[in-house]
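Results of the structural survey
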Amino acid sequence: MYDIENYYNAETIKEAVTLLKEHPDARVISGGSDVLIKIREGKMAGTSLVSIRDIKEIKGIRQMESGDIYIGAGTTFSHVTNDPVIQKLIPVLGEAVDQVGGPQVRNIGTIGGNVCNGAVSADSAPTLFSLNAMLRIADGTGGRMVPIRDFYLGPGKVDLHQGDVLTHIVIPGKDYQGYHGFYIKYSMRNAMDIATLSCSVVSRIDPLKKVLEDVRITFGIAAPVPYRCMKAEEALRGMKIGEELYQKVEELVREEINPRDSWRASKAFRLQIGGEIAKRALKESVRRGMVTGVVVPDVRTTSGENMSSNGKIYPSSDAENVTGGEQS
């Protein structure tokens with residue numbers, strides 16, 4: 001059973017803000033794929049809910065004349081993946097959220113909820129960090145725009161104040177135009193599992209000079225919040241495309257990230273995997289930048305681990321024997 005004290009349904013952003021200010025202990029719910037589970041488990045028993053599910057203003061995706069892409073916070077993962085704007089301009093984001101849970105979760109869960117949970121394992125987060133996403137937050141007084149890198153304050157903690165409602169995720173045109181990306185999720189099961197480690201790489205290349213002009217590398221579960229490898233990015237810019245570049249990213253990433261030990265995997269194992277998936281993701285993002293049309297990846301390691309067309313790595317059996325300390 002679900003122990004819910006009161007349930008309020010907002011039909012506009014203004015109404016949602018008002019309800020949250022009138023009921024300071026209430027929690028926002030949209031798809032409910034996370035909140036309802038916590039209530040059922042007793043972690044949020046007796047809470048009141050403000051539903052934003054019926055707010056049409058925060059659903060859908062559109063490209064503005066400026067080139068900026070506005071993604072409604074109430075847009076489901078399935079919608080994001082299948083939206084023509086996403087598929088044409090930033091397919092890496094659609095590929096990333098297509099790895100969330102199973103079809104049922106992706107049909108009800110929203111990208112805004114994924115961000116506002118503050119979970120470092122959120123599949124959307126690394127790619128949104130690498131795209132320099134901005135978050136449009138309504139508060140009843142004009143609202144504000146927050147860079148996503150400043151929104152995550154710690155594990156499960158985000159920069160939302162009383163009465164705040166995330167309405168849109170904005171991808172600036174200058175941060176995706178001319179760029180290609182790839183997201184890799186390493187998990188211990190083939191499906192319905194959170195990441196042991198994840199990495200999203202977005203890069204811009206000069207195909208004639210074969211030079212890496214710009215790159216952004218973000219990891220999930222490599223720090224308390226999604227982590228941009230700024231030092232590695234700076235060192236890689238301007239390098240010639242080739243094996244030296246890919247070996248360099250592998251080395252630099254292992255020096256920069258600081259994952260923890262957990263029951264899912266040890267720190268040493270995550271460091272090893274981190275370098276490998278960063279190298280693969282960069283290599284694939286560069287390959288996408290060198291060709292036109294729809295690209296279906298075909299990447300295989302010498303160890304026999306396979307990477308599917310959506311970037312998920314399925315570990316060999318010995319990887320499952322790695323153990324650590326606390327739960328991630």
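The shown structure was predicted, so the numbers you read here are calculated from the model rather than taken from an experiment. Here the residue numbers are simple positions, counted from 1 along each chain's written sequence. For a predicted model such as this one, the threshold for reporting local features is a pLDDT of at least 70, and the threshold for listing and counting side-chain atom pairs is 80 or more; totals across whole chains, interfaces and linings nevertheless cover every residue. Think of the side-chain values as coming from all heavy atoms in the structure, minus any hydrogens and water.

1. Re the overall build of the protein
Only DSSP runs of H or I covering at least 4 residues are called helices, and only runs of E covering at least 2 are called strands; the numbering of each starts at the N terminus. A tally of helices and strands in the protein yields twelve helices and 17 strands. The buried label goes to any residue with under 20% of its type's maximum accessible area, the exposed label to any with over 50%, and the partly exposed label to all in between, with areas taken from a 1.4 Å probe on protein chains only. Per-residue burial over the protein gives 53% buried out of 328 residues. Sequence separation of 24 or more characterises 62% of the internal contacts of the protein that already satisfy a separation of 6 or more. Only the protein chains shown count as cover for residues, and all accessible areas are computed by the Shrake-Rupley method using a 1.4 Å probe. Surface accessibility of the protein: about 15200 Å² in total, with carbon and sulfur atoms responsible for 50%. Any two residues whose heavy atoms approach within 4.5 Å are treated as being in contact.

2. Considerations on the pairing of strand S13 (residues 211-220)
Burial runs high along S13: nine of the ten residues are buried. Strand pairing requires that DSSP identify at least two bridges connecting the strands. Both strand S12 (residues 197-206) and S13 contribute to a ladder of nine bridges, which runs antiparallel. Residue pairing for S13: Ser200 is matched across the bridge by Thr218. Linkage of S12 to S13, two consecutive antiparallel strands, is achieved through a turn of four residues, within which Lys210 is found at a positive phi near 55°. Remark: six residues form the turn of the hairpin made by S13 and strand S14 (residues 227-228), two consecutive strands paired antiparallel; Ile221 in that turn has positive phi of roughly 65°.

3. Details of the environment of Val92
Counting through the fold element by element, Val92 comes out in helix H5 (residues 91-97). Using a relative accessible area of 4% as the deciding quantity, one classes Val92 as buried. Sequence separation between Val92 and Ile184 is 92 residues, and the spatial gap between their C-alpha atoms is 10.0 Å. In this structure, Val92 is in contact with Thr127, Gly181, Phe182, Tyr183 and Ser200, ignoring residues within four places of it in sequence.

4. With respect to the confidence of the model for the protein
Scored from 0 to 100, pLDDT records how confident the predictor is in each individual residue. On average, the protein scores 88 in pLDDT, and the residues at 70 or more come to 88%. Of the regions scoring below 50 in pLDDT, residues 293-306 engages in 26 contacts with residues more than four places distant in sequence or in other chains. Note on residues 314-328: pLDDT under 50 across the span, and 38 contacts to partners over four residues away in sequence or across chains.

5. Points about the sheet that holds strand S5 (residues 69-72)
In spatial order, the strands read S4-S5-S10-S6-S7; together these five strands make up an open sheet with antiparallel pairing. The sheet terminates laterally at strand S4 (61-63) and strand S7 (144-147), the two strands that pair on one side only. Sheet twist, expressed as the mean angle between neighbouring strand axes with direction ignored, is 25°. Pairing geometry for S4 and S5, over three bridges, is antiparallel. For helices, the fitted axis covers only the stretch in contact; all axes are lines through C-alpha atoms, and the angles between them, taken along N-to-C directions, range from 0 to 180 degrees.

6. Quick look at the nonpolar core
Grouped together as the largest cluster of nonpolar side chains are 34 residues, with contacts concentrated most on Leu212, Ile217, Phe219, Leu236 and Leu282. Those elements that place two or more of their residues in this core are strand S11 (180-186), S12, S13, helix H10 (230-236), helix H11 (243-256) and helix H12 (267-290). Counting residues per element, this core draws most heavily on H12, which supplies seven residues. The contact partners of Leu212, leaving out residues within four places of it in the chain, are Ser203, Arg204, Ile205, Leu236, Arg237, Gly238, Met239, Ile241, Leu245, Leu282 and Val286. By size, the runner-up hydrophobic cluster in this structure holds 33 residues, among which are Ile69, Leu93, Phe129 and Leu135. By nonpolar core is meant a set of buried Ala, Val, Leu, Ile, Met, Phe, Trp, Tyr and Cys residues that side-chain atoms within 4.5 Å join together.

7. Brief notes about the state of the cysteines
Defined simply, a disulfide is a covalent bond joining two cysteines at their sulfur atoms. Put simply, a disulfide is two cysteine sulfurs that come within 2.5 Å. Evaluation of the coordinates by the stated rule reveals zero disulfides. Cysteine Cys229 shares no disulfide, and the gap to the nearest cysteine sulfur, in Cys199, comes to 7.0 Å.

8. Digging into the packing of aromatic side chains
Centre distance within 6.5 Å is the pairing criterion for rings of Phe, Tyr and Trp, where only the six-membered ring of Trp is used; planes under 30 degrees apart are then read as stacked, over 60 as edge-to-face, and the remainder as tilted. A full pass over the atoms with the stated rule returns three aromatic pairs. Relative to Tyr152, the ring of Phe129 lies with its centre 5.6 Å away and its plane at 65°, an arrangement referred to as edge-to-face. Here the residue Phe129 occupies a position in helix H8 (residues 125-130), and Tyr152 occupies one in strand S8 (residues 152-154), the gap between them amounting to 23 residues. Of the two residues examined, Phe129 and Tyr152, each falls in the buried class. Consider the rings of Phe151 and Tyr152, whose centres lie 6.2 Å apart with planes at 80°: the pair is edge-to-face.

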